[in-house]
Amino acid sequence: MEREALFTLLDEFQIETPSWGYADTGTRFGKFFQAAAASTIEEKLADAGIVNRYTGCCPLVATHVLWDFKADTNPDEVVRLAEEHSVRIGSINPNLFQDQAYKFGSACSPNPEARREADAHVEDCIEIARAVNSQVLSFWFADGTNYPGQDDIVTRKRRMEEALKKWHDALPPGMTMLVEYKPFEPAFYETDIADWGMAYLYAKKAGPNAKVLVDTGHHLQGCNIEQIVAWLLDEDMLGGFHFNDRKYADDDLTMGSIDPYAVFRIFHEIRNAAELHGRDVSQIAYMVDQSHNLKPKIEAMIQTALTAQELYAKACLVDRKKLQDAQTRMDIVDAEECLREAFYTDVKPLLREWRERHGLDADPMQAYRASGYEARVAQEREAARQERGEVAASSYA
Ligand code: AFD
Ligand code: MN
Ligand code: MN
C-alpha cells in the first residue's frame, strides 16, 4: 500500500476513549484507588484531552450518563469543557443496570415500574445527546436471569423489542442507536442480549438507525470475532466496537494485550469489506471500553490507542490483491502468508513519521511521561478529595 494512502487511512482512524476509563473502578472484589484518577467530568475530559494531545487519534470521549451528567450538570458546560481540551463528546451511554429498580432487569424486567424508570432514563439520555450534539446512543443491558424458570425468555425478548423500537423512533435525525451484546455477567443463567445474533435481530426490528456494537471482550472462548465482524459488515449492521482484550471472560484487559493477531484479523476484515466488497466503513465507531484498575489510567489509554493504530496500520498493509489471487488458486500457504507478512511488518517507523507529520512526538508514551502531568494532577486531585472529605487514594498506598 502507498505510504500516502496509509497515512490517509490513519488520519481517518479516530478512536473514542471512555470517560469511565479515567476514573477509579475495580472488580466486584474491590477498588484500587489511584491518586491521579479523575472524579469529575472536568477531570475526565482533561485526561482525555491529554491522551488526544499525545496520540493525535483520540478526539472523541464516550460519556456514561449517570456517572458524567449529574442532575445539575449543564450539557452546554460539558461541551465547552470538551472544546477547552480539544476533544468532542462521542457516544452517550445510558445506565440501565445500577439503580435498585433494575434488580430483575430494566427494559426486560417483569416489574412495570422498572421498565417505566428505564424508559424515563433513556428519554433523558436522548435529550442529553441532543444537547451535546452526540451522534451515537450506545446501549448495554445487564438484563438477564440467574436461574432456570426465573422468568419467561420470550416474554423478556418481546419487552426488549418493544423498548428498543420505542427508543429508536424517538432518536433525533442523524443519530444512531448501538445495541451491544454480552454472553453473561452480571446475569449468569440467561442474558437477554447474549450474542451478535440477538443484537442483530433487536437492531433490525428497532429500525434503520440501529446497529450492532461488538465489544471485543464479550465473546465465549474460541469465538471467531472477525467472522462476526465480516458478516455484520456485509449486512451493513456493524455500528462499532468497544476495544478491550480478554483471556477468560469480559476481563476488560487493554486491547491487544492477550491476542493482537485477533485484533489485526478484525481490522483486516474491515479493510477487506471496503476494498473487496465495496462496503462503506467510514461510519464505524472505534470506541475503547476499558477501565484498567491496576495500570495508570492515562498510560493504559495511550497504550491502547497506540496498539489500535499499530494493528490497524498492519491490517491496511495486507496485499489483498495477492490474497485474492492465492485464494482463487486455493494456495492456502500463500493466502495465509499475505496476512502473516503484514502482521509481522514493523510499522513503528511509519507511525513515527505519521506522528511527526502531525506535529506530535514520535514516542507519545515517553513524551507523556516526561510531561509530569500525572504527578501534577495526582497532587491536585488528592487535595480536592481531602477538601471534599473523601479518603485520599495515597492513604491506601
Ligand atoms: C461493562 C459492560 C459493557 C459496557 C460497559 C460500559 O460489560 O461492556 O459497554 O460496562 O457501560 O464493561
Ligand atoms: Mn462494552
Ligand atoms: Mn464489558
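The structure presented is a predicted model; accordingly, all values stated were derived computationally and were not measured. (Residues numbered from 1 in each chain as written. Chains lettered and ligands numbered in written order. Predicted model: local features only at pLDDT ≥ 70, side-chain atom pairs only at ≥ 80, totals over all residues. Heavy atoms only, no water.)

J.: I keep staring at the pattern of salt bridges and nothing clicks. Help me out?
T.: Oppositely charged side chains are able to pair whenever their charged atoms sit close together. Scanning the entire structure with this criterion turns up 35 salt bridges. Here Glu161 makes a salt bridge to Lys157, at a shortest N to O gap of 2.6 Å. With a gap of 4 residues between them, Glu161 and Lys157 both fall in helix H6 (residues 153-169), about one helical turn apart. Judged by relative accessible area, which is 18%, Glu161 ranks as buried. Given the relative accessible area of 33%, Lys157 is considered partly exposed. (Salt bridge = Lys/Arg side-chain N within 4 Å of Asp/Glu carboxyl O. Helix = DSSP H or I, 4+ residues; strand = E, 2+ residues; numbered from the N terminus. Buried < 20%, exposed > 50% of the residue type's maximum accessible area, 1.4 Å probe, protein only.)

J.: Please explain the coordination of the manganese ion (ligand 3) as it appears in this structure.
T.: Ideal coordination angles are 109.5 degrees for a metal with four donors arranged tetrahedrally and 90 or 180 degrees for a metal with six donors arranged octahedrally. The manganese ion (ligand 3) binds to the protein through His218 (NE2) and Asp250 (OD), with metal-donor distances spanning 2.3 Å. A spacing of 4.0 Å is found between the manganese ion (ligand 3) and the manganese ion (ligand 2). Of this pair, His218 sits in the loop between strand E10 (210-215) and helix H8 (225-234) while Asp250 sits in the loop between strand E11 (238-243) and helix H9 (260-275), placing them 32 residues apart in sequence. The class of His218 is buried, set by a relative accessible area of 3%. (Donors = N, O, S within 2.8 Å, 3.2 Å for Na, K, Ca; no water.)

J.: Help me out: how do you make sense of helix H4 (residues 75-84) in this one?
T.: Taken residue by residue, H4 has Val78, Leu81 and Ala82 as its buried positions. Down the axis, H4 shows its buried residues gathered within 100° of arc, on one side only. In this structure, H4 carries Asp76 and Glu83 as exposed residues pointing more than 90 degrees from its buried face. In this fold, the buried residues of H4 make contact with helix H2 (41-55) and strand E5 (88-93). (Arc of directions from axis to C-beta. Contact = heavy atoms within 4.5 Å.)

J.: Looking at this structure, how should I read the coordination of the manganese ion (ligand 2)?
T.: Taken together, Glu180 (OE), Asp215 (OD), His242 (ND1) and Asp289 (OD) make up the protein donors of the manganese ion (ligand 2), found 2.2 Å from the metal. Coordination of the manganese ion (ligand 2) draws on donor residues from a single chain, spaced E-x34-D-x26-H-x46-D in sequence. Overall, the relative accessible area of 0% leaves Asp215 in the buried class.

J.: Mind showing me how you'd approach the environment of Phe33 here?
T.: Structurally, Phe33 can be placed in the loop between strand E3 (30-31) and H2. By relative accessible area, which is 36% here, Phe33 ends up partly exposed. Linking Phe33 and Cys57, residues 24 residues apart in sequence, is a C-alpha distance of 28 Å.

J.: Please clarify how the environment of Lys166 should be interpreted in this entry.
T.: Counting through the fold element by element, Lys166 comes out in helix H6. With relative accessibility at 43%, the residue Lys166 sits in the partly exposed group. In this structure, the C-alpha to C-alpha distance between Lys166 and Ala206, residues 40 residues apart in sequence, is 7.7 Å. Excluding its chain neighbours within four sequence positions, the residues that come into contact with Lys166 are Asp119 and Glu123. For Lys166, the side chain forms a polar contact with the side chain of Glu123, separated by 3.0 Å. (Polar contact = N/O pair within 3.5 Å; in protein donor to acceptor, adjacent residues only side chain to side chain.)

J.: What exactly am I supposed to notice about the packing of H2 against H4 here?
T.: Angle between the axes and distance between the axes: these two values describe a pair of packed helices. Running from amino to carboxyl end, H2 crosses H4 at an angle of 30°, the nearest separation of the two axes being 9 Å. What the angle tells us is that H2 and H4 run roughly parallel. Crossing of H2 against H4: the hand is right-handed. Counted together, Ile41, Glu42 and Leu45 of H2 and Val78, Leu81 and Ala82 of H4 form the full contact between these two elements. (Axes fitted to C-alpha atoms, helices over the stretch in contact; angles between N-to-C directions. Parallel < 35°, antiparallel > 145°, perpendicular 65-115°, else oblique. Left-handed = near helix turned anticlockwise from the far one by under 90°.)

J.: I would appreciate a short explanation of the site of ligand 1 in the present structure.
T.: Neighbouring ligand 1 are Trp20, His64, Trp140, Glu180, Lys182, Asp215, His218, His242, Asp250, Asp252 and Asp289. At 2.7 Å from an oxygen atom of ligand 1 is found a side-chain nitrogen or oxygen belonging to Lys182. Relative to its unbound accessible area of 300 Å², ligand 1 is 89% covered by the protein chains. Broken down by class, the residue content of the shell around ligand 1 amounts to 2 nonpolar, 3 polar and 6 charged. (Near = heavy atom within 4 Å. Areas by Shrake-Rupley, 256 points an atom, 1.4 Å probe, with all protein chains shown as cover. Nonpolar A, V, L, I, M, F, W, Y, C, P; charged D, E, K, R; others polar.)

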